[in-house]
Amino acid sequence: MEAQTYWKDTGSRTRRRVLFAPSLLGADPLCVGAAIDGLGGRYDWLHLDIMDGHFVRNLSFGPAMARALRRRYPDAFIDAHLMVDRLDVLLPLFVDAEVSLITVHAETEPQLLHAALSSIRRSGLRAGVAMGPATGVERVRPVLEIADLVLVMSVTPGFGGQSLIEATLERTRDLVRLRAAEGHRYLIQMDGGINEENVGRVALAGCDVVVTGSAVFQSPDPGAFLESMRVKVKEALDDADIGS
Ligand code: DX5
Ligand code: ZN
């Protein structure tokens, strides 16, 4: 499904669709293109983590990677997750790279948050706001009306391969309630430590877009792994329907 049509479809569907966004941080950095091709087209979005060594204690990809992805995958929905300070300098570089969605963290330069999301949307891209595991919903509240997506970090930002912090599922439930109560339209994304064992709970909590890095790329058949994650989600949602 075209990611662009996701937002149009959500209102009319009777059943929530959960999207999968493999995190390229989990791929072998020498073979990212081959890793994407190894997914056999069975992904919905490509999740690109941008780290500046300052906002988080790690470095990852930069705008050259975003531009290269856009060149090689012109139709892909590229989901850029910025874990950076200096949005004034870095944001325009990712807008110019023509990614599809840019998500910025609520904890970085909070006084610029509304302006950052507005400027992303004025550029014709989708705009997301991310919250670290210790950040409360109040922090993102001022931008919820203009957010296309809220990213709930389910691990401490900066590294792949960590374990999901269970308490963050409650944050997702809070955002589902708030969206319904206040008529917002954002999708909810969860990122960090998601695997076959917990993806059902993640979907049941209300997550619309699942990011998964090491679990998918360390699997012997990443495309089949994504399919098995979709089955887990379907089973969990079916069970919930039967129980309700
Ligand atoms: C962490 C990144 C994640 C990471 C997820 O800061 O934002 O996208 O790649 O990787 P796993 O699934 O291994 O936790
Ligand atoms: Zn991420």
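Reading the values: rules and limits
Residues numbered from 1 in each chain as written. Chains lettered and ligands numbered in written order. Predicted model: local features only at pLDDT ≥ 70, side-chain atom pairs only at ≥ 80, totals over all residues. Heavy atoms only, no water. Donors = N, O, S within 2.8 Å, 3.2 Å for Na, K, Ca; no water. Tetrahedral: all angles 85-135°; square planar, octahedral: opposite > 155°, others 65-115°. Helix = DSSP H or I, 4+ residues; strand = E, 2+ residues; numbered from the N terminus. Salt bridge = Lys/Arg side-chain N within 4 Å of Asp/Glu carboxyl O. Buried < 20%, exposed > 50% of the residue type's maximum accessible area, 1.4 Å probe, protein only. Pairing = 2+ DSSP bridges. Axes fitted to C-alpha atoms, helices over the stretch in contact; angles between N-to-C directions. Contact = heavy atoms within 4.5 Å.

**Regarding the coordination of the zinc ion (ligand 2)**
Turning to step 1, where the next piece is worked out: Within the first shell, the zinc ion (ligand 2) binds the protein through His-47 (NE2), Asp-49 (OD), His-81 (ND1) and Asp-191 (OD), at distances of 2.0 to 2.3 Å.
Turning to step 2, where the next piece is worked out: Around the zinc ion (ligand 2) sit 6 donor atoms, and with donor-metal-donor angles ranging over 68 to 169° the site reads as octahedral.
Turning to step 3, where the next piece is worked out: Positions of the donor residues of the zinc ion (ligand 2) along the chain correspond to the pattern H-x1-D-x31-H-x109-D. In this pair, His-47 sits in strand 2 (residues 45-51) while His-81 sits in strand 3 (residues 77-83), placing the two residues 34 residues apart along the sequence.

**Concerning the pattern of salt bridges**
Turning to step 1, where the next piece is worked out: Under the definition given, this model contains 17 salt bridges.
Turning to step 2, where the next piece is worked out: For Asp-208, the salt bridge goes to Arg-16, with nearest N and O atoms at 3.5 Å. One end of the pair, Asp-208, is in the loop between helix 7 (199-205) and strand 8 (209-212); the other, Arg-16, is in the loop between helix 1 (3-10) and strand 1 (19-22), with 192 residues separating them in the sequence.
Turning to step 3, where the next piece is worked out: Its relative accessible area of 3% is what places Asp-208 among the buried residues.
Turning to step 4, where the next piece is worked out: Residues Arg-185 and Asp-148 are paired through a salt bridge, measuring 2.8 Å at the closest nitrogen-oxygen approach. Of this pair, Arg-185 sits in the loop between helix 6 (168-182) and strand 7 (187-191) while Asp-148 is found in the loop between strand 5 (126-131) and strand 6 (149-153), placing the two residues 37 residues apart along the sequence.
Turning to step 5, where the next piece is worked out: The exposure class assigned to Arg-185 is partly exposed, which follows from its relative accessible area of 40%.
Turning to step 6, where the next piece is worked out: Connected via shared salt-bridge partners are Arg-17, Asp-44, Glu-227 and Arg-230.

**Describing the sheet that holds strand 7**
Turning to step 1, where the next piece is worked out: An order of 1-8-7-6-5-4-3-2 is seen for the 8 strands of this open sheet, with the pairing classed as parallel. Only two strands of the sheet have a single partner each, and these edge strands are strand 1 and strand 2. Shown here is a sheet whose adjacent strand axes are inclined to one another by a mean of 25°, direction ignored.
Turning to step 2, where the next piece is worked out: Judged from the 4 bridges that link them, strand 3 and strand 4 (residues 101-105) form a sheet pairing that is parallel. The residue bridging His-81 from the neighbouring strand is Thr-103, located in strand 4.
Turning to step 3, where the next piece is worked out: The sheet strands contacting helix 5 (residues 113-122) are strand 4 and strand 5, and the helix crosses strand 5 at an angle near 150°.

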